[in-house]
Structures are given as C-alpha cells and as structure tokens.
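# Structure assessment
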Protein chains: 4
Amino acid sequence: MSEGLRVTIWNEGVHEKTNPKVSALYPKGLGHQLAQYMEQVPGIASVRVAELDDPEHGLTDEVLENTDVMTWWGHTAHDRVDDAIVAKVQERVVQHGMGLIVLHSGHHSKIFKNLMGTSCDLKWREYNDTGEKERLWVVDPAHPIVDGIPEKIELELAEMYGEHFDIPQPDQQVFISWFQGGEVFRSGCCWHRGLGKVFYFRPGHETLPIYHNETILKVIANGIKWAAPTRVAGGIFRGNAEPLEKME
Amino acid sequence: MSEGLRVTIWNEGVHEKTNPKVSALYPKGLGHQLAQYMEQVPGIASVRVAELDDPEHGLTDEVLENTDVMTWWGHTAHDRVDDAIVAKVQERVVQHGMGLIVLHSGHHSKIFKNLMGTSCDLKWREYNDTGEKERLWVVDPAHPIVDGIPEKIELELAEMYGEHFDIPQPDQQVFISWFQGGEVFRSGCCWHRGLGKVFYFRPGHETLPIYHNETILKVIANGIKWAAPTRVAGGIFRGNAEPLEKME
Amino acid sequence: MSEGLRVTIWNEGVHEKTNPKVSALYPKGLGHQLAQYMEQVPGIASVRVAELDDPEHGLTDEVLENTDVMTWWGHTAHDRVDDAIVAKVQERVVQHGMGLIVLHSGHHSKIFKNLMGTSCDLKWREYNDTGEKERLWVVDPAHPIVDGIPEKIELELAEMYGEHFDIPQPDQQVFISWFQGGEVFRSGCCWHRGLGKVFYFRPGHETLPIYHNETILKVIANGIKWAAPTRVAGGIFRGNAEPLEKME
Amino acid sequence: MSEGLRVTIWNEGVHEKTNPKVSALYPKGLGHQLAQYMEQVPGIASVRVAELDDPEHGLTDEVLENTDVMTWWGHTAHDRVDDAIVAKVQERVVQHGMGLIVLHSGHHSKIFKNLMGTSCDLKWREYNDTGEKERLWVVDPAHPIVDGIPEKIELELAEMYGEHFDIPQPDQQVFISWFQGGEVFRSGCCWHRGLGKVFYFRPGHETLPIYHNETILKVIANGIKWAAPTRVAGGIFRGNAEPLEKME
C-alpha cells in the first residue's frame, strides 16, 4: 500500500436536504466533512464521496474496484439502498479485502447486517435539552486504532445507544461508551470478514457537531488505516484440490 | 432446561433417494441415523426429523417454536431451501436463542452463510480408492463439546475440506483437522449469534459411514447440549429507552 | 459431572476480623455467606470454605485434588498467600481443569495475575455518603452464565472499578458495568486457560451487602456451573510423539 | 512511529557454540542472521542483537527503553535467563507497549510462559533422515502479518510441533501448520497483552536453514511491523479516580 489508500466516503445524504439543523452543521453534506479531513491524512492518497442519490448510489463497479477502504453513514433510508449493490459491496469486503468503516446509525444498514448475520438492534435515546454526556473509554490500548487518542473521549452532548447491541462478539473491542442516563455500549468494534476488515464506530449523530471533533475524526482516520487491504501473494484458492505428491 | 432439550434434525434427504451408496449406509435416511442416537442421550427430551421435501421443509412455525436446538445437514439442494424459511430459522437463532449445529456440507447452506456473513467457501477433495485419512485434533480441551472425547479422532477414510475456510474467526476453536493429502481445516467451530449458539462440525460425508462412528455422534450430542438456549430473565429490550431517574 | 460439583470457596478472611462493618454484614465471614447459598444450588454436591489463616491456606493437596471449582476472594493480604500454593492452584486449573471464579478485589491476587500474564491494574473509587450506583449490563445473552438473569443488574451502592482494566481480551465478555460517576468496566469476563475455565466477576465489596443480593449470587452459581471441568478421554499427551504409520 | 522501529533480536546463542551443524548454518549466530534481514526492511530503523552471555543478557534498562519490538529465540538454556530481567521484559510489553515476537522453541521461555499464564507445553518430533514436511496454511488472510505471503508456506524438512499446544486462545489465529507425520499446530498466533502485542511464530529449528527462507523472514518482518507500539495520548491512568462533576 505504499502508494496510499484510495478511500470512498459513502453518505446517505438525505437529512442534509430535509433538516436545516443538519445542513447548518454540514453545509456540503456529512460526507464532505469527513472527506475534507481524510484528504489531509498521511497515507491516504485519494478520497471520493458517493451518495444514495448518485447513479448506482455512486458505487459503480469502477468505483468499487478502485476503493481500498469505504466508510458508510446511513440512517433514514437504509431500505432504499439496492440489494444488488449491497451484495457487490459485501463481495468487495469478503472476497477482495476492501476495508469497511461503519458509522453510527449505519449499524442498521443492509451491508452491516449482512456482514454480521445478526439483527444489529440496540437501545437508543435522543438527547434532550439539558443534554446527555457520552464518554468513550479505551479498553484495548494496544490497538492501532487508538494511536494518539487519549484514554477517554468525552462528548458533551450525544444521542444514546445502549446494550444489548446485537452483534457477534467483536474480534477486538476497542472502545466502550458510558452514557449519563445509565447505559453502556460497545462503541468501537473490529472484525475480520474474509479478506476484509470491518470497524464499527458509534459517534456521529447528524444533528450534533460530532464530525467537527478532531479526536473523533482521528479515530476514523486510524480505522481507515487499520482496515487497509492485505494482499495474500497469489491469492486464496477455493475449490477442488490436488493432494500432495505421494509421500515416503 | 430441566425438562430436557427438544431437538429437530434437519436433513436434506436427497442423496438417500438417488444414490444407492447413501441409502445402503442410511436406509432410513441420514437424519434418522442421527435421531436414533440423540434419542437416547440424557438431557435430550425429544427428537424429530424434518426434511426438504416435507411441507415447509418440515419447519413450520409450530416446529420452530418448539425446537431448542436444530441440526442441519444439506449438500446438493441448498438453493431449493426457501428464503422465507431460512429467514425464520435465522430469527429463531438470533432473536429467540435456538441452538444450531451445522454439519459437513451444510457450510454452504443459506442459513449458515447468512449467520456468518461470509462466503463459507473452502477447498475440497473426494477420497480416492486408496483413501485419505483425517485426524481431528482437540485444540480447546476445556470446552464442554470435548467432554469424554479423546485428544484426537481418527477417520480412516474422509472427504477432505481445506483452508482457507471463509468464516469469521470462531469465538471458540475446538477441533482442527489434519488430512493425509496435505491440508488442515478448522473442523469444530463455535460462535454466539444474538441469543443463540452455533456449532459447525465438519465430519459427515454421505457416502461414508461417519454417522455410524460413536465418537462423532458423541461430539454432535455434546454440541447440542452446549447449544441449549439461555433464558435472559425478562428478555432483552430493544428500542427507545428511558433515562435513569435524575441523579444526585 | 453427574455426581455434582465439589466447590471450594477461598476467602481471605482478614477484614471480617478487623472491620466491624464487615463482620456485621458477614458474621461467619464472607466465605460462609457464599457457601450457604451454593450449598442449595442443584448440581453442586459439596461446598467447603478455606481461608488464608488455615494451615496451607486451607488448600492442601487433598483439598485441591477434590475440588472441581474454586472461588477466590482476597483484598488486603494478597502478598501473604504463599507462592508455592499459588503455583499448585494454577497447575490445578491449567493442567487438571479445575474451574476458578475470581471475585471483586481478587483481580489483584497472585493466582489471577499469574493466569492473565498482565498487571490486572484498574481505576477505583470508594463510594461516598451519597452513594454511587452501578449497573451491570448483559452483553452476551447467549452465555450460560446469564441464564435466568435480567438484562441488567442494578446495585444502589457500589465501589467503582474503571477501565483501563489490564487483562487479556476475554474469550467471552458477559457483563459490562456502568458507574454513576462516569466510568465503565468489563465486569464479567470468561477465559479458558489450558484444561480449565476462569470467570472474573466484579461485584463484592466487603463493606456492602453485595453477597446478600440473590441475583449476584445466582450469577456466581451459574459461573461455577459453567466452569465445571471437562474431561478429555485419555487425557492430553505432551512430549515426544511417534509419527503416523507409513502412508500409502 | 514515523522514524522507524528500533528492534532488538534476542538470541540464546548456545547451540552456535556447541553444535557444528548450527554454526555451519549460522556462522555469526542465528540472531545475526535475523538481524541482517531486518536491517533492510523499510520501516525498521535500527536492529541490535542481544545474547544470553552478554552482561544482563544484553537487556539493560537502556536497551529495553530504546526497543520498540523484540524478537526472542531460546531453546536449551531457558532456565539460565534471570528472573529479574524476565520481569523487566514483561513490564516493557504490558506497561510500555514493547512488541514481542516469540520464535520456535521460545514457546518454553520464561517470558512467554509468564505472558500466557499456561504451561505452553506441546508435542514434538525431531525430523528423521527421510525428513518430515511442514505446510503453514494462512487461516486469516485479512491479517497484516500475511501481507505478501502466499496462502501456504511449504518447508521440506521441519521439526514437528503438535497439539495440544497449551496456550490461551489466540486473539487472532494467523497460521495453522500441517505435518506429514499426522499432526496440526497453531503456528502463528497473535495476542494483545496490556499495551503490548505478542506474536508467536513456530518455524526456526536451529539445525535447519529455516532463517535462510525468505518467506519465513518476511513473516517475521511483518510481525515486527504489526507489533509496533501504539501510543495512547497522555497514557493510561491507574488508581484512585475522581468522579465526574455533579450531573444534572
């Protein structure tokens, strides 16, 4: 990967068009906010934004074949994402090693549910006027995703996500969130799926300035670097195999 | 579970009708062979056999709601299993805690692939006239699935399955197979998925007397007991949550 | 294990002699409180209490050889536990499959640190007059340790333990605690170590009536049952191995 | 880590002085053979060799404080390694994030056993005149340690190591070996321990030219890069913690 990673930021892009609170926070869209940060990260060579309303949701074969790591943000229109495109994204991850970073309400996206095999359901609570604090605690300080991150990240105001979060046990649990109202949540979770890597990261509610927070953006950038494709030399063979030559 | 487990043995049941070698080994079908053993296992209260050609593949709502653990053997007709029934089985596992034991070529069943989120592809090789040995080595001797099982199980003649087996890393790796022709395979794998438990166990080729082997049958029985449903008192709540009462 | 489990409750037994608050809560000692509950649990055949001040800390060879599962509570006198006895306990777990349930401040016991290989350090905070709530959330509802347990356990008053808890990633993460003051903690953790199973469970501060809480006691009982020894038939062979007979 | 990794190659260095077969293969010692390769790996800034017979085994405080990743090869003199130095190495891994690559017979080193908490025992068999093949199969093709490595590595002649290998379940299982004589072995295993990462890699018998094999050397180099320290900004606090300010 010496040439640097090619990143595609997938953004649903619906709230930005319908909710003035969201468009005020993210005038060019939540995807562009992420892209702007990622473009200046060393090791990332190129960043493109793709959205639901683009032709083929912006995920043509040409885009998929030229993406090393994809981030996914969706919330209100998961069901409008075409099944055939979801299948292609899943195949890129599992069979070709594309990294996938699933953000916040993306927990209920088709692609995440397909890769997990579970419902990905959870508890939630909108923040209220007096607010609700979140603290993300690092529980695996050896993990490259927390490089340069402090032992906890505090968000003054957050939407709550609570357990039980219906996911397979993460291969690596990186963050666990505390919420003021009484819940915990596995907020940073890593899995390998086939040739690819998947990182779920909770923060990112659309009506809060989460993606203006430098530490949150740095975690996502670290996640992208962690999810870089591995290249097994010669690839993985599947199918009918010859036996080893006769043994003495 | 003091009343004992209610087990459903799902068997594709196609080879038995078309291949005399299979019907010679399993005159009443491979499913009945498993059922016959399980019926006499302490802790198992009842065993039923369901097959592809039964109405609704034998998996009516009434059967599903009265099954604690299901075993699944399929090979040649995975695509004939109805998607709606697969979805129901998956929901029983993830949302209601039904255990699932996936056997041998069931690795390519819809239900297993849906629960894993990966291709579940592998290498394989038919045994030849001079045969091919398999040895299953216990790599997690603390696991209840190997209770009463020796440190290795040797099968004189086996079809080979080899890595890379495209599955998520098992939560617990119980057996690894050695094959005479030069391959290894993760032959006994455990996962939790939502409220349910899943055990994949490799042995079981239809033209070999694998399910006449007492040790193999005992592993499957142990797997059924391990996969018994857990009952979270009051269940798991999903959805919009109230905050903790005001804190001092 | 049809005859039932033989349980040894190891209790440091120092606070009971020096702190009237502790002896008021546990007049016969914290160990006897646990023993009294366990004695009536189906599947547990016998319970004995062993303490630091007993000869050989109550852990003679005869006791160790006749213990299926041991629980361990210590706090103020970890360094007074003899290294040679710790080594024997570790050997019973790893080489003979004895289950070990480590409770609360036992996180800093020699036996736990030896089995983990890490410092087992953590953050802590004594509860104050206005108190501090703890909520233990179930994050693995398929695990047998939460059978019959609700999705969260609330303790009105608890000493806080917080991350980073310096342990190896649990093989299975069962509970995560929320604390009112702003921390989270991996409160219920399972590992296999050799032939044995280890369960760490956080609740149990000596000046609070934690072990009078029926739900907490039930979790410990479930942990004991989960940690029952597995018997690999014929045992595990270590050492210089013969090759397979000449292959064709 | 932009300045590159500082690597210390620890080599027992006893066989080289007593066995002409070993000194013929590794005239300057096995450690120097590894060092020579690592020195030209991009991302590795400096490489030093330390040996048992050096003062303080070559592992002075100054060396330890300036080592990002250490490799460890030992076999015949594990008991001659000073306990106090082992404790320092363990502390560097767990509390300061130094990576550790344990090679071949290092499985029985004090440092590995301390970090694992188990016996680390295994089966073994010396190769004979007609030889014994080993094949290392990649079972986690997404892992950075297999970047540029083929799906299997074949060694014409190898000493056998077989299961049961008494280690905690790896956090990530990268390679599984097949041996001609009938055994399997978990040959490439990754763990996090505190702030540090540990990689065990099996190949490396002293009387065979294993460390002249470019693919084996590349795996070790990949392991070193994977084990690079992570820096939690501000570090991890342990001890008595203040509560969050009063909540509304």
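Residues numbered from 1 in each chain as written. Chains lettered and ligands numbered in written order. Predicted model: local features only at pLDDT ≥ 70, side-chain atom pairs only at ≥ 80, totals over all residues.

### Considerations on the overall build of chain A
When its secondary structure is counted, chain A shows 7 helices and 12 strands. Radius of gyration (C-alpha) of chain A: 19 Å, near the 18 Å computed for a compact globule of 248 residues. Every one of the 248 residues in chain A was classed for burial, and the buried ones make up 60%. Residue pairs at least 24 apart in sequence account for 72% of intrachain contacts in chain A once pairs closer than 6 positions are excluded. (Helix = DSSP H or I, 4+ residues; strand = E, 2+ residues; numbered from the N terminus. Rg over C-alpha atoms; globule rule 2.2 N^0.38 Å. Buried ≥ 20, exposed ≤ 12 C-beta atoms within 10 Å, placed from the backbone. Contact = placed C-beta atoms within 7 Å.)

### Overview of the pairing of strand β4 (residues 99-103) of chain B
Residue and element names in this part refer to chain B. Here β4 lies mainly inside the structure; 5 of its 5 residues are buried. Here β4 shows two buried faces, one formed by Gly99, Ile101 and Leu103 and the other by Leu100 and Val102. Taken together, strand β3 (residues 69-73), helix α5 (residues 83-96) and β4 form a β-α-β motif whose crossover is right-handed. The pairing of β4 with strand β11 (residues 196-201) spans 4 bridges and is classified as parallel. Each bridged residue has a counterpart across the sheet, and for Leu103 the counterpart in β11 is Phe201. (Right-handed = clockwise from strand over helix to strand, strands pointing away. Pairing = 2+ DSSP bridges.)

### A look at the relation of the copies chain B and chain A
In the superposition of chain B on chain A (RMSD 0.0 Å, axial shift 0.0 Å), the rotation amounts to 180°. This pairing of chains is accounted for by a two-fold axis. Identified as the residue of chain B closest to the rotation axis by C-alpha distance is B:Gly117, at 2.7 Å. Both copies share a contact surface, since 100% of the interface residues of chain B are interface residues in chain A too. (Least-squares fit on C-alpha atoms with pLDDT ≥ 70 in both.)

### Section: unusual backbone geometry
Between A:Glu163 and A:His164 the backbone carries a cis peptide bond, its omega angle lying at 10°. Structurally, A:His164 is set in the loop between β8 (160-162) and β9 (172-179). Look at B:His104: it is not a glycine, yet its phi comes out positive at around 45°. Given 23 C-beta atoms within 10 Å, B:His104 falls into the buried group.

### Some points on the sheet that holds strand β5 (residues 123-125) of chain A
The 3 strands lie next to each other as β8(A)-β5(A)-β12(B), forming an open sheet whose pairing is mixed. Single-partner strands in this sheet number two, and they are β8 of chain A together with β12 (239-240) of chain B. Looking at chain direction, β5(A) and β12(B) are connected through 2 bridges and run parallel. Note on β12(B): the bridge partner recorded for A:Trp124 is B:Asn240.

### Section: helix α3 (residues 30-38) of chain D
Residues and elements named next belong to chain D. Turning to α3, its buried residues number three or more, namely Leu30, Gly31, Gln33, Leu34, Tyr37 and Met38. Mapping the buried residues of α3 onto a view down its axis gives an arc of 165°, with all of them on the same face. Here the buried face of α3 lies against β1 (5-11), α1 (15-18), β2 (44-51), β3 (69-73) and α7 (214-226). (Arc of directions from axis to C-beta.)

### What to know about the relation of the copies chain C and chain A
Overlay of chain C on chain A (RMSD 0.0 Å): rotation 180°, translation along the axis 0.0 Å. Mapped onto chain A, 100% of the interface residues of chain C are again interface residues, and the two copies thus contact each other with one and the same surface.

### Description of the environment of B:Val146
Positionally, B:Val146 belongs in the loop between β6 (134-138) and β7 (152-155). Note: C-alpha distance between B:Val146 and B:Glu3 (143 residues apart in sequence) is 23 Å. Apart from the residues within four sequence positions on either side, B:Val146 is in contact with B:Val138, B:Pro141, B:Val174, C:Thr230 and C:Val232.

### Overview of the interface of chain B and chain A
At the interface, 34 residues of chain B touch 34 residues of chain A. Those elements giving two or more residues to the side of chain B that touches chain A turn out to be α5, α6 (110-116), β5 (123-125), β10 (184-193) and β12 of chain B. In terms of residue class, the side of chain B that touches chain A is built from 12 nonpolar, 14 polar and 8 charged. (Nonpolar A, V, L, I, M, F, W, Y, C, P; charged D, E, K, R; others polar.)

### Structural notes on the interface of chain C and chain A
Listed by partner, the interface residues are 19 residues for chain C and 19 residues for chain A. Counting only elements with at least two residues in the side of chain C that touches chain A, the list comes to β6 (134-138), β9 (172-179) and β10 (184-193) of chain C. The biggest single contributor to the side of chain C that touches chain A is β9(C), with 4 residues. Residue composition of the side of chain C that touches chain A, by class: 8 nonpolar, 5 polar and 6 charged.

### Looking at the nonpolar core
One finds A:Ile101, A:Ile224, C:Ile101 and C:Ile224 to be the most contacted residues of the largest nonpolar core, which totals 154 residues. Residue contacts for A:Ile224: discarding those within four places in its chain leaves A:Leu5, A:Val7, A:Met38, A:Ile44, A:Val69, A:Gly99 and A:Ile101. Counting 151 residues, the second-largest nonpolar core is a separate cluster that includes B:Met98, B:Phe165, B:Phe201 and D:Met160. (Core = buried A, V, L, I, M, F, W, Y, C linked by C-beta atoms within 7 Å.)

### Re α5(B)
For an α-helix the count is 3.6 residues per turn, leaving residues at separations of three or four pointing the same way. Residue and element names in this part refer to chain B. Under the 1.5 Å per step criterion, the end-to-end length of α5 is 19 Å for 14 residues, consistent within 8% with the ideal 20 Å. Residues of α5 that are buried: Val86, Val89, Gln90, Arg92, Val93 and Val94. Residues of α5 that are buried in the fold lie against α4 (61-65), β4, α6, β10 and β11. A positive backbone phi angle near 85° is found at Gly97, which sits one or two residues after α5. (Expected span 1.5 Å × (residues − 1).)

### A short note on the confidence of the model for chain A
Considering every residue of chain A, the mean pLDDT works out to 95; 97% of them sit at 70 or more. Complex prediction metrics read pTM 0.97 and ipTM 0.96. (pLDDT = per-residue confidence, 0-100.)

### Topic: the sheet that holds strand β12 (residues 239-240) of chain D
Taken in spatial order, the 3 strands make up an open sheet running β8(C)-β5(C)-β12(D), and their pairing is mixed. The sheet is open, and its two edges are formed by β8 (160-162) of chain C together with β12 of chain D, each paired on a single side. Where strand β5 (residues 123-125) of chain C meets β8(C), 3 bridges bridge the pair, whose relative direction is antiparallel. What sits directly across from C:Lys123, in β8(C), is C:Gly162.

### A word on the pairing of β3(D)
All names here are of chain D. Burial analysis of β3 places 5 of its 5 residues in the buried class, which makes it a mostly covered element. Burial along β3 is two-sided: Val69, Thr71 and Trp73 and Met70 and Trp72, pointing in opposite directions, are all buried. Of the pairings in the sheet, the one linking β1 to β3 comprises 5 bridges and is parallel in character. The partner of Ile9 across the bridge, within β3, is Thr71. Inspection of the sheet shows β3 paired to strand β4 (residues 99-103) by 5 bridges, in the parallel sense. Looking across to β4, one finds that Trp72 is bridged to Val102.

### Notes on the environment of C:Leu217
All names here are of chain C. Tracing the chain through its elements places Leu217 in helix α7 (residues 214-226). In this structure, the C-alpha to C-alpha distance between Leu217 and Tyr37, residues 180 residues apart in sequence, is 7.2 Å. Among all residues touching Leu217, those that are not within four sequence positions of it are Tyr37 and Tyr211.

### Looking at the environment of B:Asn240
Within the secondary structure, B:Asn240 is located in strand β12. Its 10 C-beta neighbours within 10 Å are what place B:Asn240 among the exposed residues. Once you skip the residues sitting within four places of it in the chain, B:Asn240 turns out to touch A:Trp124 and A:Arg125.

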